[in-house]
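Below are the chains, spelled out letter by letter.
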Amino acid sequence: MEKRSITKKLANIALGIGTFCAGNSLIQYAGSLQDREPPQPTALIQRLGDRESYEPEQETKYAFLVAGLSKRNIGADSRFRDSLAHTYLTLQKNGYSKDNIIILDEVGESNGLYPVDGPASKEAIGKVMDYLSTHVDSNDSVYFGFISHGGRVEREIEGTKKELSTFLLPGEDIDQVELARLTEKINPEEGLFFIDSCYSGGFAEEIGAVKGRNYVAVSSTTANELTVSTNYKKIPSYYFVDALNNKEIADSNEDGKISANEAFNYMWDKRYPTLPIDMGKKYVPNSGAPQIKSTINTDEVSF
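Residues numbered from 1 in each chain as written. Predicted model: local features only at pLDDT ≥ 70, side-chain atom pairs only at ≥ 80, totals over all residues. Heavy atoms only, no water.

A. Main features of the sheet that holds strand β3 (residues 141–147). Ordered in space as β2-β1-β3-β7-β8-β11, the six strands form an open sheet in which the pairing is mixed. At either end of the open sheet lies a strand with only one pairing partner, and these are β2 (101–105) and β11 (291–293). The average undirected angle you get between the axes of adjacent strands in this sheet is 10°. Both strand β1 (residues 61–67) and β3 contribute to a ladder of seven bridges, which runs parallel. Following the sheet pairing, V66 is matched in β3 by F146. Running over the sheet, helix α10 (residues 260–271) touches β7 (190–196), β8 (215–219) and β11 and is turned about 175° from β11. (Pairing = 2+ DSSP bridges. Helix = DSSP H or I, 4+ residues; strand = E, 2+ residues; numbered from the N terminus. Axes fitted to C-alpha atoms, helices over the stretch in contact; angles between N-to-C directions. Contact = heavy atoms within 4.5 Å.)

Written out as structure tokens, the structure is:
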């Protein structure tokens, strides 16, 4: 199968309708969660504590999945849980043990679609990152799948005001600098990060730009634009992971593995199969296309 270049794909943007970003109603909803006592990540602490002495004897595949705002009665958010459930099942079919897949979901309540280890909070994210930093080594691989609504804010970083992308959590958010700093202490053989939210390009730029690390970072859009889905029921990360279920199509070099670049190409082809090139911005202003960022060859990192 002939592989088209990422540059060409990003230049030929074809966008449909349906977005997910931090609009006023969603921001109000996220803020309203501050009025309730968020559950402490006790289940998460217990699980990670029970595994402190675990030392894998061979290459291990880890996954850390987060659904920030996923309540089903909030607009399109059911897609977030559906995509995360699809990811959870697909990874298990492709060499990931369920014991090495950690999932945080909104306020930490069970939803029947996948096991929930704790709430999607900055505290819980930090605890999981600490855990991975002590268990993941240069023989291992990690897939990070983060799904939520997103926004843009101005914050002061080391004395300088900067525009940053944010990932919305119940009652709070985590920005691109904060999340990138948490990943700095995790050094796998292969690290693959997907941020699926509006304005998520800032995360891809921040995480994928670190030299000397085997990370590839993918975002569902640019740093300054909305994420748009041509299929309202399936968001970009669904198709990205779905490449593992369709290796006969996605594995363009026929090496038996799906690289970040191959998954990106598969996602693009599934999201924009028939739309004309000039369609996008007439229908949804300020909408962007997926991004893939890394300082290494994106075919060298796979699931």
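The rest of the description comes next.
B. Summary view of the packing of helix α5 (residues 122–135) against helix α6 (residues 176–183). The geometry of α5 relative to α6 is characterised by a closest axis approach of 9 Å and an angle of 25° between their N-to-C directions. Taken together, the axes of α5 and α6 lie roughly parallel to each other. As α5 runs across α6, the sense of the crossing is right-handed. Along the contact surface, α5 presents K122, I125, G126 and M129, while α6 presents E178, L179, L182 and T183. Looking at side-chain class alone, the contact of α5 with α6 contains four nonpolar, two polar and two charged residues. (Parallel < 35°, antiparallel > 145°, perpendicular 65-115°, else oblique. Left-handed = near helix turned anticlockwise from the far one by under 90°. Nonpolar A, V, L, I, M, F, W, Y, C, P; charged D, E, K, R; others polar.)

C. Fine view of the packing of aromatic side chains. Within the structure shown, the criterion is met by nine aromatic pairs. Seen from their ring centres, F146 and F167 are 5.5 Å apart, and the 55° between their planes marks the pair as tilted. Linking F146 in strand β3 with F167 in strand β5 (residues 160–169), this pair joins segments that are 21 residues apart in sequence. The exposure class assigned to F167 is buried, which follows from its relative accessible area of 0%. With centroids separated by 5.6 Å and ring planes inclined at 55°, the aromatic side chains of F240 and F303 adopt a geometry described as tilted. A residue pair is termed long-range when its members are at least 10 positions apart, and F240 in helix α8 (residues 236–242) and F303 in the segment after β11 qualify at 63 residues. (Phe/Tyr/Trp six-rings, centres within 6.5 Å; stacked < 30°, edge-to-face > 60°. Buried < 20%, exposed > 50% of the residue type's maximum accessible area, 1.4 Å probe, protein only.)

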